[in-house]
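Chain by chain, the residues run as shown.
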Amino acid sequence: MQTEKKRLSDRDWPRAVAAAMTALSVALLAMGWAQSARLDAANARISAVVQKAFYETCELTESMSVNLRKLLVAGDGGQMQQLLNEISQQAQGASGNLALLPMGEDTVSATIKFINQVGDFSESLSVRLAAGGAIGTGDYQTISTLSESAAAFSVGMARLLSRVESGEAVLDGASTAGDESLYPLTNPAAEYPTLLYDGPFSDGILGDAFKALAGLPNVTADEAQQSLAAFIGSVTRISLTGEAAAPVDCYEFTLTAGGYSLSAGVTKQGGKVLYVLSNADVTEGGFTVSQLLDAGEAFLLSRGFGDMEMSYYSLYDGILTVNYAAVQNGVILYPDLIKLQLSARDGAVIGLEAAHYWMNHVERNLALPVLNEEEALSRLAPQLTARSVRLSLIPVNAGEALCYEIRATDGVDEFLVYIDAATGAERELMQVVSDANGSLVM
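Novice: I'd like to hear about the overall build of the protein chain, residue by residue, with values.
Specialist: Within the protein chain, the secondary structure is distributed over nine helices and 13 strands. A sequence separation of at least 24 residues applies to 60% of the contacts in the protein chain between residues at least 6 apart. Here the protein chain has roughly 22,300 Å² of accessible surface; of this, 53% comes from carbon and sulfur atoms.

Novice: Let's hear about the pattern of salt bridges: which residues, and what values?
Specialist: With the rule as written, the count across this model stands at eleven salt bridges. For the salt bridge of Lys52 with Glu56, the shortest nitrogen-to-oxygen distance reads 2.7 Å. In this pair, Lys52 and Glu56 both sit in helix H1 (residues 2-71), four residues apart, roughly one turn of the helix. The shortest N-O distance in the salt bridge between Asp410 and Arg69 comes to 2.3 Å. Highlighted residues: Asp410 in the loop between strand E10 (399-409) and strand E11 (414-420) and Arg69 in helix H1, separated in sequence by 341 residues. Judged by its relative accessible area of 6%, Arg69 falls in the buried class. Connected through salt bridges with shared partners, the residues Arg69, Asp410 and Asp413 form a single ionic network.

Novice: Describe the environment of Gln225, listing the residues and the values that go with them.
Specialist: Within the secondary structure layout, Gln225 lies in helix H6 (residues 221-232). Between the C-alpha atoms of Gln225 and Val266, which are 41 residues apart in sequence, the distance is 8.0 Å. Contact partners of Gln225, with chain neighbours within four places excluded, come to Ile238, Leu240 and Phe253.

Novice: A description of the nonpolar core should follow, citing residues and the corresponding values.
Specialist: Counting 97 residues, the largest nonpolar core has Ile338, Leu340 and Trp358 as its most contacted members. When residues in this core are grouped by element, the largest group, eight residues, is from helix H4 (residues 137-165). Ile338 has contacts with Leu300, Phe305, Met308, Val322, Asn323, Tyr324, Leu352, Glu353, Ala354 and Tyr357, leaving out every residue within four places of it along the chain. With 14 residues, the next largest nonpolar core counts Ala401, Cys403, Leu416 and Met430 among its residues.

Novice: For the pairing of strand E2 (residues 250-257), give the residues involved together with the corresponding values.
Specialist: Most of E2 is tucked away, with six of its eight residues classed as buried. Relative to E2, strand E1 (residues 235-244) runs antiparallel, the two being bridged by eight bridges. Its bridge partner lying in E2, Ile238 is registered against Leu255. Across eight bridges, the pairing between E2 and strand E3 (residues 260-267) is antiparallel. Of the residues in E3, the one forming a bridge with Ala257 is Tyr260. Connecting E2 to the next strand, E3, in antiparallel fashion are two residues, including Gly258 with a positive phi near 60°.

Novice: Tell me about the packing of aromatic side chains, and name the residues and values.
Specialist: Taken as a whole, this structure holds seven aromatic pairs when the rule is applied. A centroid spacing of 5.7 Å and a plane angle of 45° characterise the contact between Phe305 and Trp358, whose relative ring orientation is tilted. Taken together, the residues span a long stretch of sequence, with Phe305 in the loop between helix H7 (289-302) and strand E5 (308-316) and Trp358 in helix H8 (residues 355-360) at a distance of 53 residues. Trp358 carries the same exposure label as Phe305, and that label is buried. Over the face of the ring belonging to Tyr251 we find Lys268, whose NZ or CZ atom lies 5.4 Å from the ring centre. Lying over the aromatic face of Phe231, Arg303 brings its terminal NZ or CZ to 5.9 Å of the ring centre.

Novice: So what about the pairing of E11? Which residues, and what values?
Specialist: Counting buried positions over the seven residues of E11 gives seven, a clear majority of the element. Side-chain alternation along E11 places Glu414, Leu416, Tyr418 and Asp420 on one buried face and Phe415, Val417 and Ile419 on a second face that is also buried. Direction of pairing for E10 relative to E11: antiparallel, over a ladder of seven bridges. Along E11, the bridge assignment pairs Cys403 with Asp420. The loop that links E10 with its antiparallel partner E11 comprises four residues; one of these, Gly411, has a positive phi angle of about 95°. In this structure, E11 lies alongside strand E12 (residues 426-435), joined through six bridges in antiparallel fashion. From the neighbouring strand, Leu416 faces E12, where its bridge partner is Met430.

Novice: If you had to explain unusual backbone geometry to someone new, which residues and values would you point to?
Specialist: Positive phi values are uncommon outside glycine, yet Ser234 reaches one of about 55°. In this structure, Ser234 sits in the loop between H6 and E1. Here Ser234 falls in the exposed class, since its relative accessible area comes to 61%.

Novice: Which residues make up the environment of Gln89, and what are the values?
Specialist: Along the polypeptide, Gln89 turns up in helix H2 (residues 77-98). Residues Gln89 and Leu60 lie 29 residues apart in sequence; the distance between their C-alpha atoms is 9.1 Å.

Novice: Lay out the side chain of Gln79 with the relevant residues and their values.
Specialist: By the element assignment, Gln79 lies in helix H2. Judged by its relative accessible area of 5%, Gln79 falls in the buried class. Contact partners of Gln79, with chain neighbours within four places excluded, come to Ala74, Glu426, Arg427, Glu428 and Leu429.

Rules of the game
Residues numbered from 1 in each chain as written. Predicted model: local features only at pLDDT ≥ 70, side-chain atom pairs only at ≥ 80, totals over all residues. Heavy atoms only, no water. Helix = DSSP H or I, 4+ residues; strand = E, 2+ residues; numbered from the N terminus. Contact = heavy atoms within 4.5 Å. Areas by Shrake-Rupley, 256 points an atom, 1.4 Å probe, with all protein chains shown as cover. Salt bridge = Lys/Arg side-chain N within 4 Å of Asp/Glu carboxyl O. Buried < 20%, exposed > 50% of the residue type's maximum accessible area, 1.4 Å probe, protein only. Core = buried A, V, L, I, M, F, W, Y, C linked by side-chain atoms within 4.5 Å. Pairing = 2+ DSSP bridges. Phe/Tyr/Trp six-rings, centres within 6.5 Å; stacked < 30°, edge-to-face > 60°. Lys NZ or Arg CZ within 6 Å of the ring centre and 35° of its normal.

By themselves, these are just geometric observations and shouldn't be taken as functional.
Below, the structure written as structure tokens:
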């Protein structure tokens, strides 16, 4: 009997071992899957952090480059101090982000050192100005050198960004080795960045009150639809899709007009067209920029917008985007902006943004300037030569300021300088960038 039990035990032993090994394999496989899932999740988080750091570095270094360029032609101590503080903050942010990139210490160390030097230099100059000091000739030479280096690096980062977006594995550490720095990696060139904005004060902050709508009665959805159809013209289909509350209460529609599919919003108060959007693919057309600008001006005039003046424009992929600002007694009112998009195919208006206009457009009580043109021009930095001067109303913080808008050049680049017509302070300084698609500012 014991012998039989022993034979059974001998036969069961391999089975038990096999079962145990199978269970162990399953457990190990499950652990492997779980670990792999955790690693995948961790890698995804790391990848997101790296990408965020890289994109922020591109943005910060470009802004730093532009501010250094502005600093060379700023004519007001307050403006200089503001620019220096911004540069210092941008340098600090860029340095922190660069440290997160998986490119190796040798790759980014020279760049981080340069960025930190820019930040430290800017901070020291800001402290000096705050204490009543001034920027000397030697400081301007240093700023010029830093500006050129920052511009070259910014362009290089833009090119590196293109490589990343094309799928090249730049951010995994594989494309860098040894003592290579970001300078040869980005292959810098002595040119300025090309990220452009579309006109002075076009990114003004929207408030809560829409002044131009004050006192107007509310309209029904049917009345809003009729108003929209009359505004666009040549409408073949239109339907209500819903309502929205931002930036102001409005009805939303989809429509077809002139062969274009559009979406639009009409304010409940007053029945004013707030926006028109299109996804039209316009790759080419027979209309010139001059013809499109004339068409845009005629469109606004026929829709009752009154005296408007073209500010800046850009032409990309067959669509002209142009800013118009209201004019009162010869003074251009930059808070009262309307942005139009026109198709180069047939000159049709296929886009509109009018929130700033309806928020701000009222008759202004414009005070007489304390300074005359000659006094305003005397506040210009000595590095700049004025080309034109005119009065303009610009948004400042939560209010507005009457300024002389001076278009000026340093012999290389063009700038817009805004001198307060009451105090003589330099309120704003912008660089004009021109290319084949138009003239824009940053």
